[in-house]
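Below are the chains, spelled out letter by letter.
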Amino acid sequence: MSEHPLQTMGQQSGRRSWAEPWKIKMVEPLRMIDRAGRERALAEAGFNTFLLKSDDVYIDLLTDSGTSAMSDRQWAGMMTGDEAYAGSRNYYNLEAAIRKHYGYRYVVPTHQGRGAEHLISQVAIRRGQYVPGNMYFTTTRLHQELAGGIFVDVIVDEAHDPQSQAPFKGNIDLGKLEALIEREGAANIAYVSLAGTVNMAGGQPVSMANVKAVRALTAQHGIRLYLDATRMVENAFFIQQQEDGYLDQPIAAILREFCDQTDGAWMSAKKDSLVNIGGWLAINDAGLFEELRNLVVVYEGLHTYGGLAGRDMEAMAIGIAESVQDDHVRSRVEQVRYLGELLSEWQIPIVRPIGGHAIFLDARRFYPQLSQDQFPAQTLAAELYLDCGIRSMERGIVSAGRDPKTGDHHRPKLELTRLTIPRRVYTQAHMDVVAESVLAAYQNRDRTRGLKLVYEPKYLRFFQARFERP
Ligand SMILES: Cc1ncc(COP(=O)(O)O)c(C=O)c1O
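This report concerns the structure included in the present document.

### What about the overall build of the protein chain?
Along its length, the protein chain carries 17 helices and 14 strands. A globule of 470 residues ought to have a C-alpha radius of gyration of about 23 Å, and the protein chain, at 22 Å, matches this closely. Put simply, the protein chain has 470 residues, and 59% of those count as buried. The long-range share in the protein chain, meaning contacts at least 24 apart out of those at least 6 apart in sequence, stands at 72%. Working note: accessible area of the protein chain is about 19,800 Å², and carbon and sulfur atoms make up 49% of it. Charged side chains in the protein chain number 53 positive and 58 negative. The centres of these two groups are separated by 3 Å.

Structure follows, in C-alpha cells:
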C-alpha cells in the first residue's frame, strides 16, 4: 500500500461502511445534454427548474416526492389491485398498515398530501381562527389560509438560523405557543399543526420530549394536535440516534410512540412511503371522521379510494411496511449525510445539522453580493443546472410567496437551494458528481449575477414563476 492509501467512505470517517439494503434489478438510462442545450432549456424554462423538461435533466434532485424507486414487492402488489369502485380490498390493506404503523383509527385515502390538507383544513378551521405550526409548508399553509385560518409560526428560533447546531430544530417553542393561546384564547385556535421533519427548516426533526410537552399543553387547553406525517419515519430515525433512551428502540416503535401523542395526521405518501402517488388523512375522532369521509367524496373520490387506483393503495400499504425498516431508513438518511459531509468539508455553506431528506445550500452565504430581491436561491438552482444538468429547487423568498393582506413578499430568514435525494434511486457516485458540481458553482460565485422576476401566478408561485437575467 502507498503511504496515503485510498480510503472507503466508512474509513474516511473512522468507521465501517454501510451499504444500501437492496440491489438493483432494473435501470433507467440517464443522459446529459451539452452546455449550449442546457442554456437554451433553462432560458425556455424562465430560469425556473420546475419548468424544465425532465429529459433535459441529468441528476434530478428537484424533490423526494413521488420519485422513489418501488421494490419488486410493491410492483407485484400493484398486480393485485382490486379496482372495484367501492370497498376495494387494497383500501382495507392500506387501512391496516396505517393502523399498525401510525396507530390512528380512521383512515381517508387522498390522491396526495395536499388533498388531505384541503380536507382537514376545511373541516377543522373556522374563518379567523389561528393555526400555530412549526414553520410553514407551502401547500399546508395555503390550504389553511384558503379555509380562513391565520398561520402563526411557533417553531424554535434556532430553526431560522442555518448555522445553529441544535439537534432538534423542528421543535415547537412552548413559550411562543403558550403566549398565542393566552393572547387569542384556546377557542380561537383551530389546532396545532406539527410537522416531522420540518421541510422548510432543512429537514430538521422534532424530539419526542417536545411532542409530549406540546401534547400536555394542548390537552390542558382542549386544543387538537394534528401531525404532518410526511417524513415522520425519518424524524423517528433522528430520535433514535439523538435522543436519550431511544438508541435500542426500533424506528417502528418510535414512530408509533410519536403518533400516539397526536389526534390525527395527514400524509404525503409520496415521500416516506416509497410510492409515486398517494396520501391519506387519519384520525381518532369518530365524529370528525364522518365529516371527512363525506367531504372526500366531493373532492377526491369515494372514501375507499380517495382519488387513487386500488393498485396505488396496495403499493402504499407495502411501502409503509418497508419504510419503517431500520436498515432502509439508516441508509436513506446516511446517503443524504454523505453528500452534506462532503460539502461541509469543502467549506460550502449548508444548513446544519444535516436533515433527513435533502441538503439545503445556504444561498445567502453562497452569494453575499446578492440581495434577497435578486433571488439568490433561485439563481443558485439555475447555476447548478447550467454546470452539469443537476436539478434542485428554490426554498426562499419565491417559495414563501406573498402576505395575503399586504401583498408584499414574505421575506424568510432562510434563503435556501434544496438538493433533495429521492429514496433508493441514486448511488454514491451520483452524490460525488453532485458534490463536485456544487463546488464548481461555489468557485464561480463571485461572477454570478442574480435574477429578475418577470411573471408569477396567484397561488404557490414557485411552481410556475418565470425569471430573466437582468
Ligand atoms: C412537509 C410536506 N407536507 C405536505 C406536502 C404536500 O404533499 P403533496 O405534494 O403530496 O401534495 C409536502 C410535499 O412536498 C411536504 O413536503
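### Notes on empty space enclosed by the protein
Here the structure, examined in full by the defined rule, presents four cavities of 30 Å³ or more. There is about 70 Å³ of room inside the largest cavity. Looking at the largest cavity, the residues that line it are Glu 20, Trp 22, His 328, Ser 331, Arg 332, Gln 335, Pro 422, Arg 423, Arg 424 and Tyr 426. Each residue belonging to the lining of the largest cavity can be placed in one class, and the counts come to three nonpolar, three polar and four charged. In this structure, the second largest cavity occupies an estimated 40 Å³ of space. Taken together, Val 233, Glu 234, Asp 272, Ser 323, His 328, Val 329, Arg 332 and Arg 423 make up the lining of the second largest cavity. Looking at which element gives the most residues to the lining of the second largest cavity, the answer is helix α13 (residues 326-345), with three residues. For the lining of the second largest cavity, the per-class residue count stands at two nonpolar, two polar and four charged.

### A closer look at the side chain of Glu 300
Locating Glu 300 in the fold gives a position in the loop between α11 (286-299) and α12 (310-323). Arg 114 provides the closest opposite charge to the buried, salt-bridge-free Glu 300, at an N-O distance of 9.0 Å. If we skip the residues at most four places from it in the chain, Glu 300 touches Thr 110, His 111, Gly 115, Tyr 305, Gly 306 and Gly 307.

### Overview of the pattern of salt bridges
On inspection of all chains with the given rule, the structure shows 29 salt bridges. With its nearest N and O atoms 3.0 Å apart, the salt bridge here joins Arg 423 to Asp 64. Within this pair, whereas Arg 423 is found in the loop between β12 (416-420) and α17 (428-443), its partner Asp 64 is found in the loop between β1 (59-60) and α3 (72-78), the two being separated by 359 residues in sequence. Judged by its relative accessible area of 1%, Arg 423 falls in the buried class. As a salt-bridge pair, Arg 293 and Glu 290 come within 3.6 Å of each other at their nearest N and O atoms.

### Notes on the site of the ligand
As a structural note, the neighbourhood of the ligand is formed by 13 residues, with Gly 113, Arg 114, Asp 228, Ser 268 and Lys 271 the closest of them. Note that an oxygen atom of the ligand is positioned 3.0 Å from one of the side-chain N or O atoms of Asn 199. Burial of the ligand by the surrounding chains reaches 94%, relative to a free accessible area of 390 Å². Applying the majority rule of atoms within 2 Å of the grid points places the ligand in the second largest pocket. Examining the composition of the shell around the ligand, we find that three residues originate from one element, helix α5 (residues 113-124), more than from any other. Taken together, the residues of the shell around the ligand sort by class into one nonpolar, six polar and six charged.

About the cut-offs
- Residues numbered from 1 in each chain as written.
- Predicted model: local features only at pLDDT ≥ 70, side-chain atom pairs only at ≥ 80, totals over all residues.
- Heavy atoms only, no water.
- Helix = DSSP H or I, 4+ residues; strand = E, 2+ residues; numbered from the N terminus.
- Rg over C-alpha atoms; globule rule 2.2 N^0.38 Å.
- Buried < 20%, exposed > 50% of the residue type's maximum accessible area, 1.4 Å probe, protein only.
- Contact = heavy atoms within 4.5 Å.
- Areas by Shrake-Rupley, 256 points an atom, 1.4 Å probe, with all protein chains shown as cover.
- Lys, Arg positive; Asp, Glu negative; His and termini not counted.
- Charge placed at Lys NZ, Arg CZ, Asp CG, Glu CD.
- 1 Å grid on protein atoms, 1.4 Å probe; cavity = no way out; pocket = protein on both sides within 12 Å on 5 of 7 lines; lining within 4 Å.
- Points joined across faces, edges and corners; volume = space filled by probe spheres on them.
- Nonpolar A, V, L, I, M, F, W, Y, C, P; charged D, E, K, R; others polar.
- Salt bridge = Lys/Arg side-chain N within 4 Å of Asp/Glu carboxyl O.
- Near = heavy atom within 4 Å.
- Polar contact = N/O pair within 3.5 Å; in protein donor to acceptor, adjacent residues only side chain to side chain.
- Sits in = over half its atoms within 2 Å of the grid points.

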